[in-house]
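Chain and residue survey
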Amino acid sequence: MEKEKLTCKTCGCESLRPMQVVFDEEEDHEVQNLLGGEQESRFYSCQVCGDNWLSVREKTADGSCTITFVHQMGTSPVLKRVAHMDNPVIVSDENVDEWEYFKGDEPVAEEEWQSTLDDRRETLKATCMN
């Protein structure tokens, strides 16, 4: 069975592949102890241009949820955004109570974060189109 392919937001090819990140049993137990709840991770990578991100969904004991997205891993500064939600099942902008944006460890405005991501995506697109 072929893995699901999604359309890449950078190059437009149907070459983005999600992969579940699996921890061994000991790591999984440590992660759950650190986070105080359930965690699910997926890594998305474009097979054409190399754009990628990691999403980590964390459920807490009170039923709330955060999803952390780390974009273009391996580049600096790290671009991260965090969605805070009450409903951990449905992921859509309507269900997000609050977004937080970071460049490295520093909180930044959404516009600055998006501009940096757009610049990086334009560079990746130009590189793969040559």
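This structure is a prediction, so every number in the text was calculated from the model and none was measured. (Residues numbered from 1 in each chain as written. Predicted model: local features only at pLDDT ≥ 70, side-chain atom pairs only at ≥ 80, totals over all residues. Heavy atoms only, no water.)

The next point concerns the nonpolar core. Ranked by size, the top nonpolar core spans 13 residues in total, and within it Cys-8, Leu-16, Cys-46 and Ile-67 carry the most contacts. For this core, the secondary structure elements donating two or more residues are β2 (37-46), β4 (65-71) and β5 (79-85). For this core, the leading source of residues is β4, giving three residues. Formed by five residues, the second largest nonpolar core is a distinct cluster that contains Tyr-101, Val-108, Trp-113 and Leu-117. (Core = buried A, V, L, I, M, F, W, Y, C linked by side-chain atoms within 4.5 Å. Buried < 20%, exposed > 50% of the residue type's maximum accessible area, 1.4 Å probe, protein only. Helix = DSSP H or I, 4+ residues; strand = E, 2+ residues; numbered from the N terminus.)

Summed over all chains, the structure comprises three salt bridges. Arg-42 is paired through a salt bridge with Glu-40; the nearest N and O atoms lie 3.6 Å apart. Exposure remark for Arg-42: the relative accessible area of 28% places this residue in the partly exposed category. A relative accessible area of 31% means that Glu-40 is categorised as partly exposed. Note that Arg-121 is salt-bridged to Asp-51, the shortest N-O span being 3.1 Å. Taken as a pair, Arg-121 in helix α2 (residues 110-129) and Asp-51 in the loop between β2 and β3 (52-60) lie far apart in primary sequence, 70 residues in all. When sorted by exposure, Arg-121 lands in the same class as Asp-51, which is buried. (Salt bridge = Lys/Arg side-chain N within 4 Å of Asp/Glu carboxyl O.)

Attention now moves to the packing of aromatic side chains. Going through the model one piece at a time under the given rule, you end up with four aromatic pairs. Pairing Phe-69 with Trp-99 gives two aromatic rings, centres 6.0 Å apart and planes at 35°, and the pair type is tilted. Pair noted here: Phe-69 is in strand β4 and Trp-99 is in strand β6 (residues 96-103), with a separation of 30 residues, a long-range link. In this structure Trp-99 comes out as partly exposed when scored by relative accessible area, which is 24%. Three or more aromatic residues joined by ring pairs form one cluster here, namely Phe-69, Trp-99, Tyr-101 and Trp-113. (Phe/Tyr/Trp six-rings, centres within 6.5 Å; stacked < 30°, edge-to-face > 60°.)

Bringing the confidence of the model for the protein chain into the picture now. Chain-level statistics for the protein chain give a pLDDT mean of 82 and a share of 78% at 70 or above. Taken element by element, the predicted model of the protein chain shows its lowest mean pLDDT in helix α1 (residues 25-35) (50) and its highest in strand β7 (residues 106-107) (96). Contacts for the low-pLDDT stretch residues 31-36, under 50 throughout, to residues beyond four places or in other chains number seven contacts. (pLDDT = per-residue confidence, 0-100. Contact = heavy atoms within 4.5 Å.)

Here Ser-76 and Pro-77 are connected by a cis peptide whose omega angle stands at -5°. By the secondary structure assignment, Pro-77 is in the loop between β4 and β5.

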